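Single-letter residue listing:
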Amino acid sequence: MKKTIAAALIGLAGLVAGAAQAQTVNVLDRIKQRGFLTCGVHTGLPGFGYQNDQGQWLGLDVDLCRAVAAAIFDDPTKIRFVQTTTPTRFIVVQTGDVDMLSRNATYTMARDTGMGMAWPVINFFDGQGFIVRKSLGVTSVKGLNGATICVTQGTTTELNLADYFRANNLKYEVVSFKTNEEGVKAFEAGRCDSFTTDSSGLAAERLKFANPNDFVILPELISREPLGPAVRRGDENFTAVVRWAHYAMLNAEDMGVTRANVDQLKASSTSPEIRRLLGLDGKFGEALGLPNDWAYRIIKHVGNYGEVFDRNVGAGSRLGLPRGLNALWSQGGQQYPYPIR
């Protein structure tokens, strides 16, 4: 009887293990077989994820998707972009409708531990801010006591707003909307005194206004908003691919490797760090399930992090955002390139 029970338990354990294994999908293999990456992006946020007049997807978050596609296929165009709204952005990750989400989403403990998703890396450090009309005469957040404030439902923004105003004994009237787009339009139309979201998002949304110079973003930030891509929990290998795609771009900037000089450095560099980065020494791609020149592909097709930042949201863009917290660690920022070795 004991042997029978033991055998039954072993069999049951095998079934459970088999079921668990079946549920764990090798996302990278699936992407390779499909022939393209699926990436969830914003419906239209200048600088981060938007389509230009020719229908091309551009932005900091879009370029992270392109970096992953470049690492896998040596072709940054092998992507199907899926537009996501605030209510749908996490659902498409959880259901596996997209391989990765790259859409100004804040990494929090609740999202990391309770939503079936993993957050490989932070590609943009931000904070929550407020935008008002210049004619309102408000110069600080505390000047919004008694104001009506537009906000998007079900976001960390909504929670931060309540926390800050309660902590500072300020009164306000919230006007909430299902989508960010609805809230922005309502604010521009005068339905509320202020609109609040990530500071970078405010700068991007202001570009869409008919008269952007009529509005000002208040100087204070009321929260920490680490923004980054999300993937479905359960596939550590693909999580690592997304993580190291970002770190490859950071390492490239830190070492002075750019789109313009990467071929020259690949042919002539004697630096051990650069040679490892470009796949000349070691076999670091194998552990990711990628060719050893995976990082070279990213730099060649997309560029280093500084190049990506500059053309999308920095000095070379309409947003003109300072590097700030997103400067390299060696320049006073928080973007720290973990070593490839």
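See above for the structure.
Residues numbered from 1 in each chain as written. Predicted model: local features only at pLDDT ≥ 70, side-chain atom pairs only at ≥ 80, totals over all residues. Heavy atoms only, no water.

Trainee: Which parts of the structure should I look at to understand the environment of T106?
Mentor: Summarising the element assignment, T106 is placed in the loop between β5 (100-101) and α5 (109-114). Judged by relative accessible area, T106 falls into the buried class, the value being 5%. Each C-alpha atom, one on T106 and one on T157, is 9.5 Å from the other, the two residues being 51 residues apart in sequence. When neighbours within four sequence positions are excluded, T106 is seen to be in contact with R111, W119, T156, E225, P226 and L227. At 2.7 Å, the side chain of T106 forms a polar contact with the side chain of E225. (Helix = DSSP H or I, 4+ residues; strand = E, 2+ residues; numbered from the N terminus. Buried < 20%, exposed > 50% of the residue type's maximum accessible area, 1.4 Å probe, protein only. Contact = heavy atoms within 4.5 Å. Polar contact = N/O pair within 3.5 Å; in protein donor to acceptor, adjacent residues only side chain to side chain.)

Trainee: Explanation requested: the state of the cysteines in the structure shown.
Mentor: Linking two cysteines covalently through their sulfur atoms gives a disulfide. Applying the stated criterion across every chain yields a total of 2 disulfides. At a sulfur-sulfur separation of 2.0 Å, the disulfide partner of C39 is C65. Taken together, the residues C39 in strand β1 (residues 37-42) and C65 in helix α3 (residues 60-73) connect sequence positions 26 residues apart. Summarising the burial analysis for this pair, C39 and C65 share the class buried. With a sulfur-sulfur separation of 1.9 Å, C150 is cross-linked through a disulfide to C192. Disulfide C150-C192: torsion about the S-S bond near -110 degrees, hence left-handed. Within this pair, whereas C150 is found in strand β9 (residues 147-152), its partner C192 is found in the loop between α7 (180-188) and β11 (194-198), the two being separated by 42 residues in sequence. For the pair shown, C150 and C192 are each scored as buried. Should the bonded cysteines of the chain be numbered as they appear in the sequence, the pairing reads 1-2, 3-4. (Disulfide = S-S within 2.5 Å.)

Trainee: I would appreciate a short explanation of the packing of helix α9 (residues 236-255) against helix α12 (residues 294-301) in the present structure.
Mentor: Relative placement of two packed helices is described by the angle separating their axes and the distance separating the axes. Packing of α9 against α12 brings their axes to within 10 Å, and their N-to-C directions diverge by 65 degrees. Viewed along their axes, α9 and α12 adopt a mutual orientation that is roughly perpendicular. For α9 against α12, the interelement crossing comes out right-handed. Contacts between α9 and α12 pair W244, A245, A248, M249 and A252 from the former with W294, A295, I298 and I299 from the latter. Of the residues in the contact of α9 with α12, the class split is 9 nonpolar, no polar and no charged. (Axes fitted to C-alpha atoms, helices over the stretch in contact; angles between N-to-C directions. Parallel < 35°, antiparallel > 145°, perpendicular 65-115°, else oblique. Left-handed = near helix turned anticlockwise from the far one by under 90°. Nonpolar A, V, L, I, M, F, W, Y, C, P; charged D, E, K, R; others polar.)

Trainee: Hey, could you run me through the side chain of E225 in this one?
Mentor: Along the polypeptide, E225 turns up in strand β13 (residues 225-227). Within the local environment of E225, its side chain forms a polar contact with the side chain of N160, the two groups lying 2.7 Å apart. At 2.5 Å, the side chain of E225 and the side chain of S223 are in polar contact. Ignoring any residue separated from it by four or fewer positions in sequence, one finds E225 in contact with T106, F124, F125, D126, G127, Q128, T156, N160 and D198.

Trainee: Whenever I open this one, the pairing of β9 confuses me. Can you help?
Mentor: Successive residues of a regular strand alternate their side chains across the two faces of the sheet. In terms of burial, β9 is largely enclosed, as 6 of its 6 residues are buried. Alternating positions in β9 separate into two faces, A147, I149 and V151 on one and T148, C150 and T152 on the other, with burial throughout. Two strands pair when backbone bridges link them, and β9 and strand β10 (residues 172-177) are joined in this way by 6 bridges, in the parallel orientation. For T148, the partnering residue across the bridge sits in β10 and is E173. Following the chain from β9 across helix α6 (residues 156-167) to the adjacent parallel β10, one finds a crossover that is right-handed. Pairing geometry for β9 and β11, over 2 bridges, is parallel. By the bridge assignment for β11, I149 is matched with S194. (Pairing = 2+ DSSP bridges. Right-handed = clockwise from strand over helix to strand, strands pointing away.)

Trainee: I keep staring at the pattern of salt bridges and nothing clicks. Help me out?
Mentor: Opposite charge on two side chains lets them pair, provided their charged atoms get close. Taken as a whole, this structure holds 11 salt bridges when the rule is applied. With a shortest N-O distance of 2.9 Å, D163 and R166 are connected by a salt bridge. Taken together, the positions of D163 and R166, both in helix α6 and 3 residues apart, correspond to about one turn of that helix. Judged by relative accessible area, D163 falls into the partly exposed class, the value being 32%. Take R166: its relative accessible area is 59%, and that puts it in the exposed class. Residues E253 and R323 are paired through a salt bridge, measuring 3.0 Å at the closest nitrogen-oxygen approach. With E253 in helix α9 and R323 in the segment after α13 (305-312), the pair connects residues that are 70 residues apart, well separated along the chain. Take E253: its relative accessible area is 17%, and that puts it in the buried class. Each of R30, R34 and D99 takes part in salt bridges that share partners, so that together they form one network. (Salt bridge = Lys/Arg side-chain N within 4 Å of Asp/Glu carboxyl O.)

Trainee: Honestly, unusual backbone geometry in this entry has me stumped. Any pointers?
Mentor: Peptide bonds are trans in most cases, and residues, glycine excluded, mostly fall at negative phi. Phi is positive for D74, which is not a glycine, with a value near 60 degrees. Notably, N169 is not glycine yet its phi reads approximately 55 degrees, a positive angle. Classification of N169 by relative accessible area gives exposed; the value is 68%.

Any functional reading would require information that these geometric values do not contain.
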